[in-house]
Amino acid sequence: MAHLELTAEEPPCAEDGVWLTCIECSETFAPFDDVRYTCDDCDGLLEVRYADLPTWDDFEGDGVWRYDAALPTRSGVSLPEGSTPLHDVDRLEDEIGVDRLRVKHEGMNPTGSFKDRGMTLGVRVAQRVGVDRLACASTGNTSAALAAYGARGGMETLVLLPAGKVAAGKVAQASLHGARILEVDGNFDTCLDIVQDLAMRGEAYLLNSLNPFRLEGQKTIGLEIMEQFHEEEGTYPDRIVLPVGNAGNTSALYKCFRELVKSGAIEESDVPKLTGIQAAGAAPMVEAIEHGWEETERWEDVETRATAIRIGNPVNAPKALPGIRATGGTAAAVSDEEITRAQRDLAGEGVGVEPASAASIAGLRKLRNEGVVDSDEEVVCLTTGHLLKDPEAAAEAGEDPEPVPGHTEGVLEHLEAN
Ligand code: F0G
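Here is a short report on the structure shown in this document. Everything numeric in this text was worked out from a predicted model, so none of it was measured.

### Describing the sheet that holds strand S9 (residues 205-206)
- Strand order in the open sheet formed by 4 strands is S8-S7-S6-S9, with parallel pairing between adjacent strands. The open sheet has two free edges, formed respectively by strand S8 (180-184) and S9, since each of these has just one partner strand.
- Strand direction decides the pairing type here: strand S6 (residues 133-137) and S9, joined by 2 bridges, are parallel. Following the sheet pairing, Leu-134 is matched in S9 by Tyr-205.

This is the structure we're talking about:
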């Protein structure tokens, strides 16, 4: 994992052993002095760096803040978040044909998605740098999480959503938690362009995954998976399969593994293969991996039933592409039909997820069928959002209700006849 090597040397700008480093030109910046999302010099993505990296003994308590020793602040605006289940899915494990399959259900966070892990930290940092208005572009979940954590922190929030392309549960959350919702005539990538402009003009603090602090919170998904899996299985997973939109989680997991190796908590050979799955109608990361490109090419027209990952310009690609490659992982695209089938299969084991989440299972099935994933692998699939986020998609994937008369005899007759 030579790329994006972590440096341990503390620059003078560090505060409490924490600073920001540009992944392109290695320029360093103070972490909390100024509002900054990218490098002043070259506009490259920033990463949070630490003078000291913790190991397993440094962690105690539950949830995201169990891992405070690996984070840039010691507490957050919390609901609380993290400590999500790592489900067994025995029937899927048999049917897909891998040695072990566990599902890390991030839909069990307070607002129903993994975004809460980033927001508990991001909103705390926003308070620390002294801003009063928070903003994000979103396919839905980020806006729900930002609205809830903004409300919790007593801050004003602004969310930009692609009009008509956000699942009902997510809009309802953002609305009730008191965010101001701007429905943009354009797709997610247009929303992100606008919100970045607003942030650069000082109108609001940006809490998309371009914000390096948010990714630190999301890093705890990796810490939890490694700890839970090791405790229950006695090993670390060979592979982690996850849905990819902006590639924030992919970047966060890669950083998690680099830090664990650097601190000596795990060996380099313990690092799981990061395997990113996109919807076929929005797959610029898959395209870049297949062609060996250093960057993604922006897709102007994107479409998929998995609206959470309907994204054509993954801003974290420069962090995530090296992560997929360095860990020996890969990327694959799945159709909406494959996603819906996987959503039904997970629901059939009691695990309710939204369409984007099911992409991980759909992708694993596809890669196993193609022989890219071996039968002796131990795999964790990440499911990123809860079933109730997108009730319409769930109802379409499930069976229709059956009308019956309002008396027992009629109900019995119906049950016998059908
Ligand atoms: N799964 C779900 C349910 C999501 O909401 C998202 C991203 C992803 C996967 C992709 O994660 O960006 O880290 O690769 N949703 C963002 C949003 C874009 O606005 O809610 P990623």
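From this point on, the discussion continues.
### Comments concerning unusual backbone geometry
- Residue Pro-80 is bonded to the preceding Leu-79 through a cis peptide linkage, with omega at -10°.
- With respect to the helices and strands, the residue Pro-80 is situated in the loop between strand S3 (46-50) and strand S4 (86-88).
- For Ser-26, which is not glycine, the phi dihedral falls at a positive 65°.
- Relative to the helices and strands, Ser-26 is located in the loop between strand S1 (18-22) and strand S2 (28-29).

### What to know about the packing of helix H6 (residues 212-233) against helix H7 (residues 248-263)
- Remark: H6 packs on H7, axes separated minimally by 8 Å, with the N-to-C direction vectors making an angle of 60°. For the element pair H6 and H7, the recorded crossing hand is right-handed. Across the interface between the two elements, Leu-215, Glu-216, Gln-218, Lys-219, Ile-221, Gly-222, Leu-223 and Met-226 of H6 pack against Gly-248, Asn-249, Ser-251, Ala-252, Leu-253, Lys-255, Cys-256, Phe-257, Glu-259 and Leu-260 of H7.
- A per-class count over the contact of H6 with H7 returns 9 nonpolar, 5 polar and 4 charged.

### Remarks on the environment of Asp-336
- Turning to its location among the elements, Asp-336 is positioned in helix H10 (residues 336-347).
- Taking the C-alpha atoms as reference, Asp-336 lies 9.5 Å from Ala-362; in sequence the two are 26 residues apart.
- Setting aside chain neighbours within four positions, we find Asp-336 in contact with Thr-304, Arg-305 and Ala-306.

### Concerning the site of the ligand
- In the region of the ligand, 20 residues are neighbours, and Ser-138, Thr-142, Gly-245, Asn-246 and Thr-384 sit closest.
- Here an oxygen atom of the ligand sits 2.7 Å away from a polar atom, N or O, in the side chain of Ser-138.
- Asn-141 places a polar side-chain atom, nitrogen or oxygen, 2.8 Å from an oxygen atom of the ligand.
- When isolated, the ligand has an accessible area of 480 Å², and the protein chains bury 99% of it.
- Because more than half of its atoms lie within 2 Å of the grid, the ligand is assigned to the largest cavity.
- For the shell around the ligand, the secondary structure elements donating two or more residues are helix H3 (141-152) and H7.
- For the shell around the ligand, a count of residues per class yields 7 nonpolar, 11 polar and 2 charged.
- Counting contributing residues, the shell around the ligand receives three or more from each of domain 2 (86-112 + 213-397) and domain 3 (115-206).

### Describing the nonpolar core
- By size, the foremost hydrophobic cluster in this structure holds 53 residues, and its most contacted members are Val-123, Leu-134, Leu-146, Val-195, Tyr-205, Leu-207 and Phe-213.
- Elements that contribute at least two residues to this core include exactly S1, S3, helix H2 (115-129), S6, H3, strand S7 (156-162), helix H5 (188-200) and S9.
- At 6 residues, H2 tops the list of elements feeding residues into this core.
- Once residues lying within four places of it in the same chain are set aside, the contact partners of Val-123 are Val-77, Leu-134, Leu-146, Tyr-149, Gly-150, Met-155 and Leu-207.
- Ranked by size, the runner-up nonpolar core spans 39 residues in total, among them Phe-59, Ala-70, Cys-256 and Ala-320.

### Remarks on the state of the cysteines
- Taken as a whole and assessed by the stated rule, the structure comprises 0 disulfides.
- Free of any disulfide, Cys-13 has its nearest cysteine sulfur in Cys-39, 12 Å distant.
- Looking at Cys-13, the relative accessible area reads 25%, which means it is partly exposed.

### So, empty space enclosed by the protein
- For the coordinates displayed, the defined rule picks out 4 cavities of 30 Å³ or more.
- Roughly 310 Å³ of volume is contained in the largest cavity.
- In this structure, the largest cavity is lined by 28 residues; those nearest its centre are Phe-114, Lys-115, Gly-245, Asn-246 and Ala-308.
- Counting only elements with at least two residues in the lining of the largest cavity, the list comes to H3, H6, H7 and helix H11 (355-369).
- Looking at the lining of the largest cavity element by element, the count peaks at 3 residues for H7.
- For the lining of the largest cavity, a count of residues per class yields 10 nonpolar, 15 polar and 3 charged.

Reading the values: the criteria
Residues numbered from 1 in each chain as written. Predicted model: local features only at pLDDT ≥ 70, side-chain atom pairs only at ≥ 80, totals over all residues. Heavy atoms only, no water. Pairing = 2+ DSSP bridges. Helix = DSSP H or I, 4+ residues; strand = E, 2+ residues; numbered from the N terminus. Axes fitted to C-alpha atoms, helices over the stretch in contact; angles between N-to-C directions. Left-handed = near helix turned anticlockwise from the far one by under 90°. Contact = heavy atoms within 4.5 Å. Nonpolar A, V, L, I, M, F, W, Y, C, P; charged D, E, K, R; others polar. Near = heavy atom within 4 Å. Polar contact = N/O pair within 3.5 Å; in protein donor to acceptor, adjacent residues only side chain to side chain. Areas by Shrake-Rupley, 256 points an atom, 1.4 Å probe, with all protein chains shown as cover. 1 Å grid on protein atoms, 1.4 Å probe; cavity = no way out; pocket = protein on both sides within 12 Å on 5 of 7 lines; lining within 4 Å. Sits in = over half its atoms within 2 Å of the grid points. Domains from an automatic or database assignment. Core = buried A, V, L, I, M, F, W, Y, C linked by side-chain atoms within 4.5 Å. Buried < 20%, exposed > 50% of the residue type's maximum accessible area, 1.4 Å probe, protein only. Disulfide = S-S within 2.5 Å. Points joined across faces, edges and corners; volume = space filled by probe spheres on them.

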